[in-house]
Amino acid sequence: MSIPNVLQVGEFPAAQQRVIDAELRRYTEADLQRDPALAAMVEAVLTRSSYQLPAELVSQLPKLKIISTSGVGFDGIPLDAARSKGVVVTNTPGVLDAAVCELAIGLLLSLLRRIPSADRFVRDGTWENKIFPLALSLAGKRVGIVGLGRIGQGIARRLSAFDVDVAYCGEEVKDAPYTFMSDLLALATFADVLILCCPGGEQTYHLINSKVLSCLGTNGLLVNVSRGTVVNEADLIDALENRLIGGAALDVFEKEPLIESRLVALDNVILTPHVGSATEETRHAMLRLALDNIHNVFAGRDPLTPVLG
Ligand code: 8YV
């Protein structure tokens, strides 16, 4: 079996890189810049959700057969460019659901119970002189889920153990025991907590804006494990700074990595560096599926989890 020539866009942790290098002949964008003739040899692109793949790059790869992303989101892949060249696009749905759901629940509990500031309170010795302020319970809260796909349903299922009332909005009514609300503003008004787990991309760009946040209200909380682009971050910062909502827990941002943002100065937010799927087990399973998609296409079989092709 021949070893595919693959352009890797973005970095993977060292252990994953070893797996990649054992199975593929890997080139980087820097290799292509050094020797542009290599572009003619690239047959596959391997990337992951934290990176944007430029359409121009795709058009410079005449032998490209497949773009395989290690992640469920494909908002960073230029689908039109791939389609026009007949290139297969694959992602890794399913294998990361549990990890992303767990992070969503963890962020929600951290936000309500202020776990990060409680930890700082103990470490910096404040406990010696003060009582930690009372936090909030999850039990009895109303949770609005934006996007009841695989991950949204997984979050709702896990939440059922917490004695909460769940409603959702999305493109269609799902066969699920939660209240459907077609109107996002109605969902935000209903919810004490809004959890975002819809796909990114043009359709959901800035879905959450000042209007939605004002419906969420001064005690309302926002959790985002979808994409930073789903939220108008300027509106969110304004709402947080002016205490127009209660707080937010964010794993994703409009521009990543997040640096020099006004968000870091706020005590009513929890920030994590896009780690929804970042567990050893999950990232291993994601990479396995991403590589198997490439191997399948090169063996003349159907890709396992196609987005396109
Ligand atoms: C994230 C992702 O970690 O697969 C993707 O596309 O971005 C996930 O792995 C998660 O959605 C953000 O919390």
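Before any of the text, the structure's been laid out above.
Bear in mind the structure is a predicted one, so any value in this text is a computation, not a measurement. (Residues numbered from 1 in each chain as written. Predicted model: local features only at pLDDT ≥ 70, side-chain atom pairs only at ≥ 80, totals over all residues. Heavy atoms only, no water.)

A. Looking closely at the site of the ligand. Near the ligand the following residues occur: S49, G71, V72, G73, L96, V225, R227, D251, V252, H274, G276 and S277. Contact between the ligand and G73: an oxygen atom at 2.8 Å from a main-chain N or O atom of the residue. For the ligand, whose unbound accessible area comes to 330 Å², protein coverage reaches 97%. Class assignment for the residues of the shell around the ligand results in four nonpolar, six polar and two charged. Looking at which domains feed residues into the shell around the ligand, each of domain 1 (5–95 + 280–308) and domain 2 (97–271) supplies at least three. (Near = heavy atom within 4 Å. Polar contact = N/O pair within 3.5 Å; in protein donor to acceptor, adjacent residues only side chain to side chain. Areas by Shrake-Rupley, 256 points an atom, 1.4 Å probe, with all protein chains shown as cover. Nonpolar A, V, L, I, M, F, W, Y, C, P; charged D, E, K, R; others polar. Domains from an automatic or database assignment.)

B. Main features of the pattern of salt bridges. Within the structure shown, the criterion is met by ten salt bridges. The closest approach of N and O atoms between E23 and R288, which form a salt bridge, is 2.7 Å. A residue pair is termed long-range when its members are at least 10 positions apart, and E23 in helix 1 (residues 14–23) and R288 in helix 11 (residues 280–298) qualify at 265 residues. For R288, a relative accessible area of 27% translates into the label partly exposed. Taking the shortest distance from any N to any O, the salt bridge between D31 and R34 comes out at 3.1 Å. Residue D31 and its partner R34 are located together in helix 2 (residues 29–34), separated by three residues, close to a single helical turn. Looking at R34, the relative accessible area reads 63%, which means it is exposed. Taken together, the shared-partner salt bridges connect E23, R288 and D292 into one network. (Salt bridge = Lys/Arg side-chain N within 4 Å of Asp/Glu carboxyl O. Helix = DSSP H or I, 4+ residues; strand = E, 2+ residues; numbered from the N terminus. Buried < 20%, exposed > 50% of the residue type's maximum accessible area, 1.4 Å probe, protein only.)

C. Local environment of the pairing of strand 7 (residues 165–169). In terms of residue burial, strand 7 counts as a mostly covered element, since four of its five residues are buried. Pairing of strand 6 (residues 142–146) with strand 7, which is carried by five bridges, proceeds in the parallel orientation. What sits directly across from V146, in strand 7, is C169. Between strand 6 and its parallel partner strand 7, the chain crosses via helix 7 (residues 150–159), and the hand of that crossover is right-handed. Strand direction decides the pairing type here: strand 7 and strand 8 (residues 179–180), joined by two bridges, are parallel. Opposite Y168, over in strand 8, you have F180 as the bridge partner. (Pairing = 2+ DSSP bridges. Right-handed = clockwise from strand over helix to strand, strands pointing away.)

D. Spatial organisation of the packing of helix 1 against helix 11. In the contact formed by helix 1 and helix 11, the axes pass within 11 Å of each other and the chain directions differ by 15 degrees. Relative to helix 11, the element helix 1 is oriented roughly parallel. Relative to helix 11, helix 1 is oriented so that their crossing is right-handed. Facing helix 1, whose interface residues are Q16, V19, I20 and E23, helix 11 presents R283, H284, L287, R288, L291 and H295. Of the residues assigned to the contact of helix 1 with helix 11, the class counts are four nonpolar, three polar and three charged. (Axes fitted to C-alpha atoms, helices over the stretch in contact; angles between N-to-C directions. Parallel < 35°, antiparallel > 145°, perpendicular 65-115°, else oblique. Left-handed = near helix turned anticlockwise from the far one by under 90°. Contact = heavy atoms within 4.5 Å.)

E. Inspection of the state of the cysteines at higher detail. Using the criterion set out here, one finds zero disulfides in the structure. In this structure C169 is not part of a disulfide, and its nearest cysteine sulfur, from C198, lies 8.1 Å away. Looking at C169, the relative accessible area reads 7%, which means it is buried. Looking at the unpaired C198, the closest cysteine sulfur is the one in C197, lying at 7.1 Å. Judged by relative accessible area, which is 9%, C198 ranks as buried. (Disulfide = S-S within 2.5 Å.)

F. Representation of the side chain of N5 within the structure. With respect to the helices and strands, the residue N5 is situated in strand 1 (residues 5–9). Separated by 3.3 Å, the side chain of N5 and the backbone oxygen of M41 make a polar contact.

G. Up close: the nonpolar core. Among the nonpolar cores identified, the biggest contains 32 residues, and I145, I155 and L159 are the most heavily contacted of them. Contributing elements (two or more residues each) for this core: helix 5 (97–113), strand 6, helix 7, strand 7, strand 9 (193–196) and strand 10 (221–224). If one sorts the elements of this core by residue count, helix 5 sits on top with nine residues. Excluding residues within four positions of it along the chain, I145 makes contact with G152, I155, A156, V166, A167, Y168, C169, L187, I195 and C197. (Core = buried A, V, L, I, M, F, W, Y, C linked by side-chain atoms within 4.5 Å.)

H. Representation of unusual backbone geometry within the structure. A cis amide bond, omega -5 degrees, links E256 with the succeeding residue P257. Even without being a glycine, R114 presents a positive backbone phi close to 55 degrees. With respect to the helices and strands, the residue R114 is situated in the loop between helix 5 and helix 6 (115–123). Despite not being glycine, D163 has its phi angle at roughly 65 degrees, a positive value. When you line up the elements, D163 lands in the loop between helix 7 and strand 7.

Function cannot be inferred from these measures alone, as they are strictly geometric.
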